[in-house]
Each structure stands twice: as structure tokens, then as C-alpha cells.
Amino acid sequence: MRIADHRDDDIPEINLVPLIDVVLCLLIFFVVTTTFDARSVLKLELPRADGQPAQAGTQPLGILINADGRYFVGNREVLRTDVDALKQALREVAGDDRSQVVLVRADARTPWQAVVTAYDALGQLGFRKVANATVPAPAAGAGSGQ
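Just so you know, these numbers come straight off a predicted model, no measurement behind them.

A. Quick look at the side chain of threonine 117. With respect to the element layout, threonine 117 can be found in helix H3 (residues 112-125). Overall, threonine 117 belongs to the buried group, its relative accessible area being 10%. Leave out the neighbours within four places in its chain, and threonine 117 touches Tyr71, Thr81, Asp82, Val83 and Leu86.

The following block contains the structure:
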């Protein structure tokens, strides 16, 4: 009786299907959970104010917003920082004249929400001539020298 030799049939092989499944699951997991940071893509250059100041015949209505987000309309401080208090102060100072120029001056450290609240109050009252106060851009050859 002759016994067959089956050693040639036992060729070792590596099954890659489970490895591919795991890699695809990890890839899907990382793609789904990754947050894309749009700020790293955007290059933002802020505008400069190189123009000459306007020579207006009338004095504009001034709104000053300090670094703490407090409002000053004309010479008066607005005690609360909500839209209704700012609108009331604007009505008292400006009266019924909605055609006058409003100059918004905000500190560089002012929270953006305070500036948006001021624009919102001006828009609700019907002011359409709104200007922003800026400082002149530094001269090209001027150094700080400090």
C-alpha cells in the first residue's frame, strides 16, 4: 500500500482580506472624525486707511466703543450694553435726523460683538451714512525707533 505524500498541498499563504478590511475601516474612521481647519488655508490681509480725512461741514454723530465694550454716544455714556439701550441713547442725541453721518470709533481690543451691536442699532434706527474711524497707515520708511 502506498501512502500519498500531501506535503506539497500545504503551501503557506497570507490572507490579506482581513488586513484590507481593517485598513479601510481605519481610513473611514479618520476621514469622518477629522476636522478641517479653514483658517490655515485663508490668507487674510486687513485693509489700510491711506485716504485723507473728509472735510465735512457738519460734525458727525460719534459712537465710541472702548476696549471693555462700553458705548459712548456723543458725550454720554450708555449704561447698558444691549441694543435697546444704545438705540435709546442714539434717539436722544440724534433726534429725528437720520441723514447725518455716524462715526463709529472702536478700540482695537474691542470685542467684535460690541461693534456688531452698534451697527445693528444704527441699522434698526435707519442711519445709512456710517463711517469707521481708523488711524493712518504707518509711513513706508518710518521705523518705530524705540
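B. Spatial organisation of the packing of helix H2 (residues 83-94) against H3. Where H2 meets H3, the axes come as close as 9 Å, and the angle between the chain directions of the two elements is 55 degrees. The angle between H2 and H3 falls in the class oblique. Of the two elements, H2 crosses H3, and the hand of that crossing is right-handed. Every residue of H3 that contacts H2 at Val83, Leu86, Lys87, Leu90 and Arg91 is listed here: Thr117, Ala118, Asp120, Ala121, Leu122, Gln124 and Leu125. Class assignment for the residues of the contact of H2 with H3 results in seven nonpolar, two polar and three charged.

What counts, and at which threshold
- Residues numbered from 1 in each chain as written.
- Predicted model: local features only at pLDDT ≥ 70, side-chain atom pairs only at ≥ 80, totals over all residues.
- Heavy atoms only, no water.
- Helix = DSSP H or I, 4+ residues; strand = E, 2+ residues; numbered from the N terminus.
- Buried < 20%, exposed > 50% of the residue type's maximum accessible area, 1.4 Å probe, protein only.
- Contact = heavy atoms within 4.5 Å.
- Axes fitted to C-alpha atoms, helices over the stretch in contact; angles between N-to-C directions.
- Parallel < 35°, antiparallel > 145°, perpendicular 65-115°, else oblique.
- Left-handed = near helix turned anticlockwise from the far one by under 90°.
- Nonpolar A, V, L, I, M, F, W, Y, C, P; charged D, E, K, R; others polar.

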